[in-house]
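# Breakdown of the fold
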Amino acid sequence: MNWIEYMVSITEILGTVAFSVSGAMTAIRKKMDILGVVVLGVVTAVGGGIIRDLLLGITPPAAFQNPVYVAWATVTALLAFVLARHTWSEKNRHLFELLLNLVDSLGLGLFAVIGVRTAIDCGYGENGFLSIFVGVLTGVGGGMLRDTMAGEVPKIFRKRIYALAALAGAMVYYYTADRVISSVGALWAAAFLVVVIRVLAAHFEWDLPRVK
Amino acid sequence: MNWIEYMVSITEILGTVAFSVSGAMTAIRKKMDILGVVVLGVVTAVGGGIIRDLLLGITPPAAFQNPVYVAWATVTALLAFVLARHTWSEKNRHLFELLLNLVDSLGLGLFAVIGVRTAIDCGYGENGFLSIFVGVLTGVGGGMLRDTMAGEVPKIFRKRIYALAALAGAMVYYYTADRVISSVGALWAAAFLVVVIRVLAAHFEWDLPRVK
Amino acid sequence: MNWIEYMVSITEILGTVAFSVSGAMTAIRKKMDILGVVVLGVVTAVGGGIIRDLLLGITPPAAFQNPVYVAWATVTALLAFVLARHTWSEKNRHLFELLLNLVDSLGLGLFAVIGVRTAIDCGYGENGFLSIFVGVLTGVGGGMLRDTMAGEVPKIFRKRIYALAALAGAMVYYYTADRVISSVGALWAAAFLVVVIRVLAAHFEWDLPRVK
């Protein structure tokens, strides 16, 4: 395993952990029991990657080949459950929502970038549209499954510029990695950009036009 | 590209536009912002084709290989948004629903037929069951994703003979194309049949039995 | 077709029938018409198998190759509809729920085991994690589609130890088939175990901890 593969692995684990926390927190908010918390954590964490692998024709998907992703997601969701049990109260609901938004944005950014990377590694690097589109779907996939299964309209339709943030991250990674800066630098820059866009959008309550 | 491939392409673009309008209109009715309108338009427009390609083992799906579908869906959804902004009022809600039903039926018919065509082109033409089943799923897939993501029970369970219309179109295409009439003639006849069945069902409020 | 293949086939048909009944009953409870009942029955019955085949790279999925599954599911759903029409009343609602829970558990057990079996037959037997994970997803897949499409939060998040029961069945099958007991013995023992766990959990109202 070379340096880039190693960093991509680390990133994938980080994204898995972030999305598992977001799945677990959603389940906790929905008053699910400990098993529901673990299942929603795992589904959110590995869902995007499974969608990515199916689209690219990688079967069985990586999450099935190697237990490391499910293991990290399970442990993370259990930890989130234990922590929430000891600290949760209606008073810190606002803080809870803020944290959920943050880990969800981090997962979104990391997985969008990894989606692009995987498409390039599969030999589709020439096709920028394909690579970026796969990246966006990898990023939003886990969260979409999480929200649909929790009985909510996916964040991608409710939250400010959610899809645009994923698109921006995927494009930045695709157009800078190995061209402008190193692959690893681009990876972190793009993921960081997604989080920044999402935080700014939430903080300033950026609003897009809608039909009245 | 020969004559049939050309007509299939045109049909696919038409179906994409029809389904994108239906996705955009659903999003507008749900008071989503402009980005939500575009995302739901694109998901509805390319969803059925992606499901079809995954079922037939075509990876990455056509919608990822060639940006033309996403581009048409995006432009269409944006246009629908702009038009709705200037013309929408509670007074024309009924007209709005009528139009939504029409474009949804058109997308249903066109994609059901294209699903059968793609299955045949992949060499499964001998297996009528497979070809027709793939056609039905291609037709209903985009709308199912649209409704599920918008937090509604899919039309296939609520609307009169929705699935039967798709089935009829897929069967007519499968059993007439290249046997009774030309492929292109069958394509349009079958798609037109689906729209007619849906319009008649809506107009006469055809009701199927249910358990009281 | 040898003895084991024959038993696996029988099991798959049984699971198809059980899940079709559960899908049909859910649709009846939701006051869908006869077509909605058939569609939800078929989706529930073949959904898990389609997910399994896509994950394992078997395209087109078995349910598309061979009409036998859709045929059984259709006939079963029609029968359930006719029966419910003649016997349904608010008085036997409790009995109805009980029966729904039972057929759902049976489908869960049978499909979880068949999922493991299919993964082994595809040559992934060495990878226990993969085989068991595919089994669990095959078991819960049909029910998840059913509940999501009926506009409910999937049972896997609401019902006591639903996912654990599927996991237990998949593990028992994987670790006993051809090692401790015969493949067919393991198949029935594991499926039976899932039903027993689910029935006990429902009867004694086993509760798992949750965050208050």
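All residue numbers refer to position in the chain's written sequence, counted from 1. All chains are assigned letters beginning at A, and all ligands numbers beginning at 1, according to the order in which they are written. Per-residue local features of the predicted model are confined to residues with pLDDT of at least 70, and side-chain atom pairs are confined, for both listing and counting, to 80 or more; whole-chain, interface and lining totals are unaffected and use all residues.

### Remarks on the overall build of chain A
Scanning chain A from N- to C-terminus turns up nine helices and zero strands. The C-alpha radius of gyration computed for chain A amounts to 17 Å, which stays within 12% of the reference 17 Å derived for 212 residues, consistent with globular compactness. Projected onto its principal axes, the C-alpha positions of chain A cover 50 × 45 × 25 Å. Three exposure classes are used. Buried residues have 20 or more other C-beta atoms within 10 Å of their own C-beta, exposed residues have 12 or fewer, and partly exposed residues fall in between, all C-beta atoms being placed from the backbone. Out of the 212 residues belonging to chain A, those deemed buried represent 55%. Restricting the contact set of chain A to residue pairs at least 6 apart, pairs at least 24 apart contribute 72%. Secondary structure follows DSSP: runs of H or I at least 4 residues long count as helices, runs of E at least 2 residues long count as strands, and numbering of each begins at the N terminus. A radius of gyration in this sense is built from C-alpha atoms; the matching globule rule multiplies 2.2 Å by the number of residues raised to 0.38. Residues are scored as being in contact if the C-beta atoms we place from backbone atoms lie within 7 Å.

### Topic: the relation of the copies chain C and chain A
Expressed as a screw operation, the relation of chain C to chain A combines 0.0 Å of axial shift with a rotation of 120 degrees, fitting to an RMSD of 0.0 Å. Within this description, the copies of the chain are treated as partners about a three-fold rotation axis. A share of only 10% of the interface residues of chain C reappears at the interface of chain A, consistent with the copies meeting through non-equivalent patches. Residues below a pLDDT of 70 in either copy are left out; the C-alpha atoms of the rest, at least 70 in both, set the least-squares superposition of the copies.

### What about helix α6 (residues 128-149) of chain A?
With 22 residues, α6(A) extends 31 Å from end C-alpha to end C-alpha; this agrees with the ideal 32 Å at 1.5 Å per step. Bend at a given residue is defined as the angle between two axes, one fitted to the seven residues that end at that position and one fitted to the seven that begin there. Most pronounced at Val140(A), the bend in α6(A) amounts to some 35 degrees. Multiply 1.5 Å by the residue count of a helix minus one, and that product is the helix's expected span.

### As for the interface of chain C and chain A
Facing the 20 residues of chain C at the interface are 25 residues of chain A. Elements with a contribution of two residues or more to the side of chain C that touches chain A: α2 (34-56), α6 (128-149), α7 (155-158) and α8 (162-176) of chain C. Only Asp, Glu, Lys and Arg are considered charged, only Ala, Val, Leu, Ile, Met, Phe, Trp, Tyr, Cys and Pro nonpolar, and every remaining residue, Gly among them, polar. Grouping the amino acids of the side of chain C that touches chain A by side-chain chemistry returns 17 nonpolar, two polar and one charged.

### Section: the interface of chain A and chain B
Many analyses report the size of an interface as the accessible area lost when the parts associate. Contact with chain A, which involves 20 residues of that partner, is made by 24 residues of chain B. Secondary-structure elements contributing two or more residues to the side of chain A that touches chain B are α2 (34-56), α6, α7 (155-158) and α8 (162-176) of chain A. The element contributing the most residues to the side of chain A that touches chain B is α6(A), with five residues.

### Points about the environment of Phe111(C)
Residue and element names in this part refer to chain C. With respect to the element layout, phenylalanine 111 can be found in helix α5 (residues 93-124). A tally of 37 C-beta atoms within 10 Å means that phenylalanine 111 is categorised as buried. Separated by 92 residues in sequence, phenylalanine 111 and phenylalanine 19 have C-alpha atoms that sit 9.4 Å apart.

### Let's talk about the confidence of the model for chain A
All names here are of chain A. One number per residue, pLDDT, summarises how confident the predictor is, and it ranges from 0 to 100. For chain A, per-residue confidence averages 90 on the pLDDT scale, and residues scoring 70 or more make up 100% of the total. Here α7 is the element of chain A with the lowest mean pLDDT, 80, and α2 is the one with the highest, 95. The complex prediction reports pTM at 0.92, with the ipTM value standing at 0.89.

### Topic: the packing of α5(C) against α6(C)
Residue and element names in this part refer to chain C. Axes, fitted as lines to C-alpha atoms, cover a helix only where it is in contact. Angles between the N-to-C directions of the axes lie from 0 to 180 degrees. α6 packs onto α5 with a crossing angle of 140 degrees between their chain directions and a minimal axis gap of 7 Å. Where α5 crosses over α6, the two elements pack in a sense that is right-handed. The residues of α6 that touch α5, namely those facing Asp104, Gly107, Leu108, Phe111, Ala112, Val113, Ile114, Gly115, Val116, Ala119, Ile120 and Tyr124, are Leu130, Ser131, Ile132, Val134, Gly135, Val136, Leu137, Thr138, Gly139, Val140, Gly142 and Gly143. Its residues assigned to classes, the contact of α5 with α6 comprises 15 nonpolar, eight polar and one charged. Crossings are sorted by hand: turned counterclockwise from the far helix by less than a right angle, the near helix makes the crossing left-handed, and turned clockwise it makes it right-handed.

### Details of helix α9 (residues 183-203) of chain C
Residue and element names in this part refer to chain C. For α9, built from 21 residues, the straight-helix expectation of 30 Å at 1.5 Å per residue is met to within 8% by its first-to-last C-alpha distance of 30 Å. For α9, every residue scored as buried is listed here: Ala186, Leu187, Ala190, Ala191, Val194, Val195, Ile197, Arg198 and Ala201. End-on, the buried residues of α9 take up no more than an arc of 165 degrees, which puts them together on one face. Each element contacted by the buried residues of α9 is listed here: α1 (3-29), α5 and α8. Looking one or two places after α9, you find glutamate 205, whose phi comes out positive at around 50 degrees. The directions from the helix axis to the C-beta atoms are what the arc is built from.

### A closer look at the packing of helix α1 (residues 3-29) of chain B against helix α2 (residues 34-56) of chain B
Residue and element names in this part refer to chain B. Where α1 meets α2, the axes come as close as 7 Å, and the angle between the chain directions of the two elements is 140 degrees. Comparing their axes, α2 and α1 come out oblique. Crossing handedness for the pair α1 and α2: right-handed. On α2, the residues touching Thr16, Phe19, Ser20, Ser22, Gly23, Ala24, Thr26, Ala27 and Ile28 of α1 are Gly36, Val37, Leu40, Gly41, Val42, Val43, Thr44 and Ala45. Here the contact of α1 with α2 is built from residues that sort into nine nonpolar, eight polar and no charged. Under this scheme an angle from 65 to 115 degrees is roughly perpendicular, one under 35 degrees roughly parallel, and one over 145 degrees roughly antiparallel; angles in between are oblique.

### What about the relation of the copies chain A and chain B?
Take chain A, turn it by 120 degrees, move it 0.0 Å along the axis, and it overlays chain B with an RMSD of 0.0 Å. Here only 10% of the contact residues of chain A are again contact residues in chain B; the copies associate through non-equivalent surfaces.

### Examining unusual backbone geometry
With an omega of -15 degrees, the peptide bond running from Thr59(A) to Pro60(A) counts as cis. Inspection of the secondary structure assignment puts Pro60(A) in the loop between α2 and α3 (62-65). A positive phi angle is found at Lys31(C), which is not glycine, with a value near 60 degrees. Locating Lys31(C) in the fold gives a position in the loop between α1 and α2. For Lys31(C), a count of 10 C-beta atoms within 10 Å gives the class exposed.

### Some details on the environment of Val199(C)
The residue Val199(C) is located in helix α9 in this model. Spatially, the C-alpha atoms of Val199(C) and Leu102(C) are 7.4 Å apart, while their sequence positions differ by 97 residues.

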